[in-house]
Amino acid sequence: MGLSRLAALHGVATSYSPSPDVTVSVPDDTVIAVLAALGVDAGTPADVRKCLAAAESRSRLLPPTVVVWAGEPLPPALAGLPPGSTVTVEPEPSDLPGHPAGRPPAPLSMRARAAAPAEPAPEAAPAPGAAPAWWIPPPHGVHRIHVRTPDNRRATATLVAAPPRLPQPPEGTHGFLVQLYSLLSARSWGMGDLGDLADLAAWAGRSVGSGFVQVNPLHAAVPGKPTDPSPYRPSSRRFPDPVHLHVESIPEYGHVRDRAALDDLRQDAAALSEAVLNKGALIDRDAVWELKRQALELVAQVPLTPGRRADYCDFLAEQGQALEDHALWCALAEVHGPDWHTWPEALRAPRSPGTARARSELLDRVDFHCRLAWLTAGQLAAAQRAAEDAGMGVGIVHDLAVGVHPAGADTWSQQEAFAHGMSVGAPPDAFNARGQDWGLPPWRPDVLAATGYAAYRGLLRGLLAHAGALRIDHVMGLFRLWWVPEGRPPTDGTYVAYDAEAMLAVLVLEAHRAGTSVVGEDLGTVAPGVREALARRGVLGTSVLWFERDWEGDGRPLAPEKWRRDCLATATTHDLPSTAARLTGDHVTLRHRLGLLTRSLEEELTADLTDTAEWLALLARLRMLPEGDGDEEAAVRAVHRFLHRTPARMTGVWLPDTVGDRRPQNLPGTWDQYPNWRLPIADPEGHPVTLEEITASPRLHGLMEVLRPRKPRTAPPGERRP
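Attention in this report is confined to the structure presented alongside it. Everything numeric in this text was worked out from a predicted model, so none of it was measured.

Some points on a negative patch on the surface
So, step 1. Where like charges cluster on the molecular surface, the negative patch consists of Asp 258, Asp 263, Asp 264 and Asp 268.
So, step 2. Within the secondary structure layout, Asp 258 lies in the loop between strand S11 (236-240) and helix H6 (259-278).
So, step 3. On the basis of relative accessibility, which here comes to 39%, the residue Asp 258 falls in the partly exposed class.

Right, dumping it as structure tokens:
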């Protein structure tokens, strides 16, 4: 019982329910290991008693971080302060590094001291949903709150003052979902880039009336040969990867003196693209980066104009220490390798004297990597401007991965914020009896709270700076994550809780400042109340057609009018088969070929055919499939006609679906058995197609015709219009 009480005090679960009628106990060894990662020694019964006594004897006047929502009741931590307490709010400075630029800051001159009456009269009691009369609401922001009680107890905490809801996207908007690396144009250097993204957005907004383009995470990858190709296991989520740069669009490119060297690099890049597009080669991120790195080093030798220099200096000032640390990690990785755990001891801490010396010795390389971050941010901004100029109501939807690589820049520069020796994953469920281990160290919830969620705020601010919206992978991680101790199977993990109220408040605040919407990937096992809490704050969910069934009723496909409104509705995702593969059963034969089936091929094909037939029958009953059976293109159109019929705010079209691609970009459960994250978009026969060929495809235009904009309606207050 003592271990369970101690675990509960630190948000560590001692049991979990994979299904409503099943409860599984977590091994004590797992609980002890997780507590140790949180700085709590529970190795022996005596240690448990000691830590439990210390934890239960602590009495905090305020938690480390307090949340107030505009127009809503105060949290118990504030509403329950002793009568006569003095409360002082120290507003957030507007000149802090990283403070949102380009927008007038909220008035920050407030300095309120208010005493709660000892015995409030009944008629003076606050109305339901309102704050007490003594409370002076602070402006939206992250402030410091100081409390002094009549008996002279004092407390200071971070105060997150957030608006009640996120901005919402225009209703009934549609757009494309694409893995950017897979989208090669005639000018690409072996993989899709930010120039291609801007071009796709400009075309989609103008030619087919799209409101957004959603891309994979563009986070910085861990360098190495080979680089981990997964965009969901990055070195840093805070900064983008310069491999996505379109080199020729950099203003200094035209002033490089060594034109012969640039021409040679461009010829090599053209050969890379030719190999991918016409010779069956896979996308080779390492080869692309080697060519771009050489070109960028030539570009970096060109002096910046006064205006460009001023813009670069502003960028450095805005990004502050976070960028300097990231750039230093990149420079050190060039010398000592990409895993900072193997570096010389003196360099394994970002604030050590040895690291300070290395910072001076590698100053030129640090500046180079800072400049790459600046150039990439500029092209991200250009892509969003291209989307807006094309009339998109949302623009570029960026993707936030659930975590980072254990050897990367973020874990080096923010070591105290991560639970080392732990990995994020998923518990066993009906789809995976062995559970999942994603190899991503989790943030420590106690450190996040103690630091006012500074790392999380900086991460969101950077991602939202040039976004029209943000997709959050595994959005349930704002509430809890499955921690797996190092060296143990995923079945021996447990859930660790986060302060969802604070995580949501920071998200809503930063998205409100940026004027962006948020889409949460909430597929799979979701704890009770999570979807409702997200919806209350305006976070859209994700609904994938094949999973939308009446699970609480007859289990049949869910009629379009019964789908939820506040979601992004799609036919597939990067982790699932394309629509053509789903309709033909190709995805089953692929998994059979790779030895991934848990039943016989015949059984799997029968089950898959039954599932697909139910959906096709519903489409036929709804008169969405006038062409009848046997027409694959017509069936793909019917699926999207169905999605368009739902009340979903956003409808996403997987770009490979527009040309009949049958190959998934990622096949979960595989590593080297399948070329995950390395495939270009291809036609039904598997021949790669360029951006130019995609946009000219009759199949694409026939599909997009079914997604013509709905009749516009009057937007409620706070909702953005197309």
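A few points about the environment of Pro 170
So, step 1. Counting through the fold element by element, Pro 170 comes out in the loop between strand S7 (154-162) and strand S8 (173-178).
So, step 2. On the accessibility criterion, Pro 170 (1% relative accessible area) is buried.

Let's talk about the sheet that holds strand S9 (residues 212-215)
So, step 1. Spatially, S18-S15-S12-S9-S8-S21-S20-S19 is the arrangement adopted by the eight strands of the open sheet, whose pairing is parallel. One side of each edge strand has no neighbouring strand; the edge strands of this open sheet are strand S18 (517-520) and strand S19 (541-544). Across the sheet, the mean angle from the axis of one strand to that of its neighbour is 25 degrees, orientation sign disregarded.
So, step 2. In the sheet, strand S20 (residues 567-570) pairs with strand S21 (residues 650-654) via three bridges, with the strands oriented parallel. From the neighbouring strand, Ala 569 faces S21, where its bridge partner is Thr 651.

Thoughts on the environment of Arg 549
So, step 1. Within the fold, Arg 549 resides in the loop between S19 and S20.
So, step 2. For the pair Arg 549 and Glu 248, spaced 301 residues apart in sequence, the C-alpha separation works out to 48 Å.
So, step 3. Setting aside residues no more than four positions away along its own chain, Arg 549 makes contact with Gly 555, Arg 556, Pro 557, Leu 558, Asp 611, Glu 614 and Trp 615.
So, step 4. Polar side-chain contacts of Arg 549 include one of 2.9 Å to the backbone oxygen of Gly 555.

What about the pairing of strand S6 (residues 141-148)?
So, step 1. In this sheet, S6 lies alongside strand S4 (residues 86-90) in antiparallel orientation, the contact comprising five bridges. Of the residues in S6, the one forming a bridge with Val 87 is Val 147.
So, step 2. One ladder, built from eight bridges, connects S6 with S7; its direction is antiparallel. Opposite Arg 144, over in S7, you have Thr 158 as the bridge partner.

Let's talk about the packing of aromatic side chains
So, step 1. Enumeration according to the criterion identifies 13 aromatic pairs in this entry.
So, step 2. A centroid spacing of 6.1 Å and a plane angle of 80 degrees characterise the contact between Trp 443 and Tyr 456, whose relative ring orientation is edge-to-face. You can see Trp 443 sitting in the loop between strand S14 (436-440) and helix H12 (445-450) and its partner Tyr 456 sitting in helix H13 (residues 454-464), a full 13 residues away along the chain. Taken as a pair, Trp 443 and Tyr 456 share a single burial class, namely buried.
So, step 3. Both rings, one in Trp 546 and one in Trp 615, keep their centres 6.2 Å apart while their planes meet at 75 degrees; by these two values the pair is edge-to-face. Remark: Trp 615 occurs in helix H18 (residues 601-621) and Trp 546 occurs in the loop between S19 and S20; sequence separation between them is 69 residues.
So, step 4. For Trp 546, a relative accessible area of 5% translates into the label buried.
So, step 5. Sitting over the face of the ring of Tyr 253, Arg 259 holds its NZ or CZ atom 5.4 Å from the ring centroid.
So, step 6. In this arrangement the basic side chain of Arg 371 is found over the ring face of Tyr 312, its NZ or CZ atom lying 5.8 Å from the centre.

Some words on the nonpolar core
So, step 1. One finds Tyr 456, Trp 483 and Leu 507 to be the most contacted residues of the largest nonpolar core, which totals 72 residues.
So, step 2. It is helix H14 (residues 500-514) that provides the largest number of residues to this core, a total of 11 residues.
So, step 3. Beyond its immediate chain neighbours, meaning those up to four positions away, Leu 507 contacts Leu 166, Tyr 456, Leu 460, Ile 472, Leu 478, Val 518 and Val 539.
So, step 4. Leu 380, Ala 635, Phe 642 and Leu 643 belong to the second largest nonpolar core, which has 56 residues in total.

Points about the pairing of strand S1 (residues 15-19)
So, step 1. Relative to strand S2 (residues 22-25), S1 runs antiparallel, the two sharing three bridges. Residue pairing across strands places Tyr 16 opposite Val 24, the latter belonging to S2.

Some points on the sheet that holds strand S17 (residues 494-497)
What holds strands together in a sheet is hydrogen bonding between their backbones, with the strands either parallel or antiparallel.
So, step 1. With antiparallel pairing, the four strands of this open sheet are ordered in space as S14-S13-S16-S17. Taken across any chain shown, the strands that pair with only one partner, and hence form the sheet edges, are S14 and S17. On average, each strand axis in the sheet is tilted by 50 degrees relative to the strand beside it, whichever way the strands run.
So, step 2. Sheet topology places strand S13 (residues 422-426) next to strand S16 (residues 480-485); four bridges connect them, and they run antiparallel. Among the inter-strand pairings, Ser 423 is bridged to a residue of S16, identified as Val 484.
So, step 3. The sheet strands contacting helix H2 (residues 28-37) are S13, S16 and S17, and the helix crosses S16 at an angle near 105 degrees.

Topic: the side chain of Thr 355
So, step 1. In this fold, Thr 355 is placed in helix H9 (residues 353-361).
So, step 2. Relative accessible area serves as the criterion here: at 0%, Thr 355 is assigned to the buried category.
So, step 3. With sequence-adjacent residues up to four places away left out, Thr 355 is seen in contact with Leu 328, Ala 346, Leu 347, Ala 349, Pro 350 and Trp 412.

A look at the pattern of salt bridges
It is possible for side chains of opposite charge to pair when their charged atoms get near one another.
So, step 1. Counted under the stated rule, the structure contains 38 salt bridges.
So, step 2. For the salt bridge of Arg 351 with Asp 325, the shortest nitrogen-to-oxygen distance reads 2.7 Å. Pair noted here: Arg 351 is in the loop between helix H8 (306-336) and H9 and Asp 325 is in helix H8, with a separation of 26 residues, a long-range link.
So, step 3. Its relative accessible area of 5% is what places Asp 325 among the buried residues.
So, step 4. The residue Arg 708 makes a salt bridge to Glu 705 at a minimum N-O spacing of 3.4 Å.
So, step 5. Accessibility expressed as a relative area gives 55% for Arg 708, which makes it exposed.
So, step 6. We classify Glu 705 as partly exposed; its relative accessible area is 43%.

Quick notes on the rules
Residues numbered from 1 in each chain as written. Predicted model: local features only at pLDDT ≥ 70, side-chain atom pairs only at ≥ 80, totals over all residues. Heavy atoms only, no water. Patch = residues over 30% accessible without salt bridge, like charges linked within 9 Å, V, L, I, M, F, W, Y side chains within 5 Å. Areas by Shrake-Rupley, 256 points an atom, 1.4 Å probe, with all protein chains shown as cover. Salt bridge = Lys/Arg side-chain N within 4 Å of Asp/Glu carboxyl O. Lys, Arg positive; Asp, Glu negative; His and termini not counted. Charge placed at Lys NZ, Arg CZ, Asp CG, Glu CD. Helix = DSSP H or I, 4+ residues; strand = E, 2+ residues; numbered from the N terminus. Buried < 20%, exposed > 50% of the residue type's maximum accessible area, 1.4 Å probe, protein only. Pairing = 2+ DSSP bridges. Axes fitted to C-alpha atoms, helices over the stretch in contact; angles between N-to-C directions. Contact = heavy atoms within 4.5 Å. Polar contact = N/O pair within 3.5 Å; in protein donor to acceptor, adjacent residues only side chain to side chain. Phe/Tyr/Trp six-rings, centres within 6.5 Å; stacked < 30°, edge-to-face > 60°. Lys NZ or Arg CZ within 6 Å of the ring centre and 35° of its normal. Core = buried A, V, L, I, M, F, W, Y, C linked by side-chain atoms within 4.5 Å.

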